[in-house]
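An overview of the molecular structure
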Amino acid sequence: MRKLKKSSSKGDSRTNLSFRMNVLFISIFILFSILILRLGYLQIVKGEEYVLEVQRTEEVSVNTSSPRGRIYDRYGRILVDNEPQNAITYTKFPTTTQEEMIEVAEKLAKLIEQPTNRVTLRDKKDFWIMKNKEKAYAKVSKNEEKQIKAKYEDEKEAQIEIDRLVRERITDEELAELSDFDLEVLAIYREMASGYNLSPQIIKSENVTAEEFARVSERLFDLPGVNTTTDWKRVKLSSLAILGRTTVPSKGIPKSQLNYYLARDYSRNDRVGESYFESQYEELLQGRKSVVKNVTNRKGEVVDTITTFKGEPGKDLVTTIDIELQAAAEKIVEEKLLQAKSAGGSSLLDRAFYIMMNPHTGEILAMVGKKIERDPETGKQIIVDYSYGTFTTAYEVGSTIKAATLLTGYREGVIKPGTVLVDQPIKLASTDPKSSIFNRGGRIPMNDLTALERSSNSYMFQVALKLAGLEYRYNMGLQIKDDTLLRMRNGYAEFGLGVNTGIDLPNEFSGFKGEMDTPGKILDLAIGQFDTYTPLQLVQYISTIANGGYRVQPRLLKEVREPSKDGKTLGPLIEEVQPKILNRISNTDEEINHVKKGLRRVYIGNQGTARSVFGNTPYTAAGKTGTAEVVYYGPIREKWRTHTITLTHVGFAPYENPEVAYAVVIPWVTTSNSYTSYNNQIAREVLDVYFELKNKYANSKISDQTVNKEILPSTTDEKIDEDTEEQMVNE
């Protein structure tokens, strides 16, 4: 009996387990069935409704005209600012018809004065067609229309051809039917139609009067899509051209860059950096647009707008420029340029340049270019800013290159520090003698330091001959090594001569390389009268010697900051740009320091070529003067091949621990043999100002520190807004 009970108990357990499993499987089946039914309901019954619901919300970037970042000098003095101005915008909806837009444009034309100077002939013809459709398309006969449609399989292509014929057949008399009011309506309409759906388009932001702003604001209920808002215009507090400029909204994105910017969510009438610093740092300076969700109904009408991102101004940029030093240097260069221009033989002179740079960091403290032009209206002589010429134009720089010639000679092992050579006229077969200015016929033994001090051409000629594998002999022939020119240019390139400096500005020019039609041109190269170099290359070259042999990339950007929150102190620091070393020259410290001694003797040696100007400085400095006898190939084409003189100067200070390096270039100073050393005068006078300002800043506690930097007032009342600048460029 016990065995039977045990067997029965086991059977009951199996039965219970099987029952439970069945219940579980049935429950799972029911749940899956409910889920499938629910999904089917959502997809089949409610699917279209939910698709429409999703389509009702569209997230788009909207042009809210966020202010561009401000630009400051190294001490926090504002150089480029923004000023608010009234603006009138129009937003086109997906359901908006052409007729509705014309109606709004007509109403606006009665409320505002809209310039018509941007209206094109094509615009006029298209507008005339819109106003006279039947009359317009009657210009294409039914037979012509039939032939066109037979020719083109695509209806759109056929219609394009018909429209083209219509435009061609519109007469001047018919276009004259458009009244001044019609043209104003057209000018407004073309701005309205140029944007994308749901993206506000600026109709007018330049010279919107308070009365116009008020009239439109009062009638917004009757102007669907129109809004009154605040726009920003760019205002420069300095005429320094390298700061660049921005386009105005009426011009918008330049055609050559349209696709580039449209792919980055710009609108066609966005202002963008058009040149130099504004263009180089466009991505930092351009503010971020707000992002909104436009909620539409089933008809595509916007029923609600939700802002998901408010947008933000562009980043503020602190430049390396000391604007007070810049202004003083500009004044000095301008004065010397005008003095030189008033002297005899100056018919070709029209420009002068000056650059000062920190040789250790590459920070540009001042970048000056001045150019003499004629006012197109008055015909009078005027001086314009030509600071970009410091890195976009190149010249033979003369004897300032001689320190590089010596260091190249050391590097190649053809001379060493202290090598003595005889300064004498160099006479090669079938050529005229070439000599130093101070020694036209004698023989003067001298070492390399004296050669720098007195600016010996003969010494440098002989270094070039040694680089070519030759020793000088009177009336010798010239069979040089094939790689001589390349080795010399490579030596100069280590200092930045003849190659791009890496400046953080667009359109840098590396200079012209002369054509070596005779081997003797290597002698000219050795004294800076063959290849051409930019003023910026010159200052990088002397900086490389000043800092002990490191070629540092010059730059204008010092700091990137968040916008100021209180208008009193600069915003939080995002990035402080660090120096970038491009290369180290192939010379020892001993060789570099030896050459620096020679450059010091140029300023204080008994026979130094700059002693008369720098011999009494209250600070220590060193440098090299330059006089290049060149053939003119400037802007006056009829004067090409005229023989003239270019003056240059490079230097650094203090001598023991250089803080600044500088370069001066004055091309085509005179066509006579008589001239004043304006190059040396500019170098001395600007350097004096640097040390004066250094003391002034220390006493007034003005600093280029990065923490809690105050915004300082501008050094000038000068204001150039983007409208005025655009007009100047167009003229």
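Please refer to the structure placed before this passage.
A brief structural summary. Just so it is clear, the structure is predicted and the values come from calculations on it, not from any experiment. (Residues numbered from 1 in each chain as written. Predicted model: local features only at pLDDT ≥ 70, side-chain atom pairs only at ≥ 80, totals over all residues. Heavy atoms only, no water.)

Attention now goes to the pairing of strand S9 (residues 351–357). Judged by how many residues are buried, S9 sits mostly within the fold: seven of seven residues are covered. The alternating pattern of S9 places Arg351, Phe353, Ile355 and Met357 on one face and Ala352, Tyr354 and Met356 on the opposite face, and all of these are buried. Once S9 ends, the chain turns through six residues before running back antiparallel as strand S10 (residues 364–374), passing Gly362 with a positive phi of about 80 degrees. Judged from the five bridges that link them, S9 and strand S20 (residues 660–670) form a sheet pairing that is antiparallel. Each bridged residue has a counterpart across the sheet, and for Ile355 the counterpart in S20 is Ala663. (Buried < 20%, exposed > 50% of the residue type's maximum accessible area, 1.4 Å probe, protein only. Helix = DSSP H or I, 4+ residues; strand = E, 2+ residues; numbered from the N terminus. Pairing = 2+ DSSP bridges.)

Tallying each qualifying case throughout the model produces 51 salt bridges. With its nearest N and O atoms 3.9 Å apart, the salt bridge here joins Lys315 to Glu312. On the accessibility criterion, Lys315 (19% relative accessible area) is buried. Accessibility expressed as a relative area gives 26% for Glu312, which makes it partly exposed. (Salt bridge = Lys/Arg side-chain N within 4 Å of Asp/Glu carboxyl O.)

All right, on to a nonpolar patch on the surface then. A contiguous nonpolar patch, built from Met21, Leu24, Phe25, Ile28, Phe32, Leu35, Ile36 and Leu39 and spanning about 780 Å² of accessible area, is present on the exposed surface. Considering the arrangement of structural elements, one finds Phe32 in helix H1 (residues 2–45). (Patch = residues over 30% accessible without salt bridge, like charges linked within 9 Å, V, L, I, M, F, W, Y side chains within 5 Å. Areas by Shrake-Rupley, 256 points an atom, 1.4 Å probe, with all protein chains shown as cover.)

Together, Glu153, Asp154, Glu155 and Glu157 make up a region of like negative charge exposed at the surface. Here Glu157 lies in helix H7 (residues 155–168). When its relative accessible area of 42% is taken as the criterion, Glu157 is described as partly exposed. (Lys, Arg positive; Asp, Glu negative; His and termini not counted. Charge placed at Lys NZ, Arg CZ, Asp CG, Glu CD.)

Taken in spatial order, the six strands of this open sheet run S11-S10-S9-S20-S19-S18, and their pairing is antiparallel. Of all the strands in the sheet, the pair left with one neighbour each is strand S11 (381–385) and strand S18 (622–631). Across this sheet, the average inter-strand angle for adjacent strands is 15 degrees, counted without regard to direction. Of the strand pairs in this sheet, S18 and strand S19 (residues 643–653) are connected by 10 bridges, and their pairing is antiparallel. The residue bridging Ala622 from the neighbouring strand is Phe652, located in S19. Packing of helix H22 (residues 589–604) onto the sheet brings it into contact with S18, S19 and S20, and relative to S18 it is tilted by some 80 degrees. (Axes fitted to C-alpha atoms, helices over the stretch in contact; angles between N-to-C directions. Contact = heavy atoms within 4.5 Å.)

What follows covers helix H16 (residues 402–412). Where burial is concerned, most of H16 is hidden: nine out of the 11 residues are buried. Turning to H16, its buried residues number three or more, namely Lys402, Ala403, Ala404, Thr405, Leu406, Leu407, Thr408, Gly409 and Tyr410. Positioned one or two residues after H16, Gly413 has a phi angle of 80 degrees, which is positive.

Now for the environment of Gln578. Among the secondary structure elements, Gln578 is positioned in the loop between strand S16 (573–576) and strand S17 (581–584). Sequence separation between Gln578 and Leu35 is 543 residues; the distance between their C-alpha atoms is 62 Å. Separated by 3.0 Å, the side chain of Gln578 and the backbone oxygen of Glu576 make a polar contact. (Polar contact = N/O pair within 3.5 Å; in protein donor to acceptor, adjacent residues only side chain to side chain.)

At their nearest, the axes of H16 and H22 sit 10 Å apart, and the two run at 150 degrees to each other. The angle between H16 and H22 places the two elements in the roughly antiparallel class. Helix-helix and strand crossings are classified by hand; for H16 and H22 the assignment is right-handed. Together, Ala403, Leu406, Leu407 and Tyr410 of H16 and Glu591, Ile592, His594, Val595 and Leu599 of H22 make up the contact between the two elements. Across the contact of H16 with H22, the residue classes tally to seven nonpolar, one polar and one charged. (Parallel < 35°, antiparallel > 145°, perpendicular 65-115°, else oblique. Left-handed = near helix turned anticlockwise from the far one by under 90°. Nonpolar A, V, L, I, M, F, W, Y, C, P; charged D, E, K, R; others polar.)

Below, the discussion takes up the nonpolar core. Of all hydrophobic cores here, the largest spans 88 residues; its most connected members are Ile364, Tyr459, Tyr492, Tyr541, Ile545 and Leu599. The next biggest cluster of nonpolar side chains, apart from the first, holds 40 residues, and it includes Leu325, Val602, Ala610 and Ala653. (Core = buried A, V, L, I, M, F, W, Y, C linked by side-chain atoms within 4.5 Å.)

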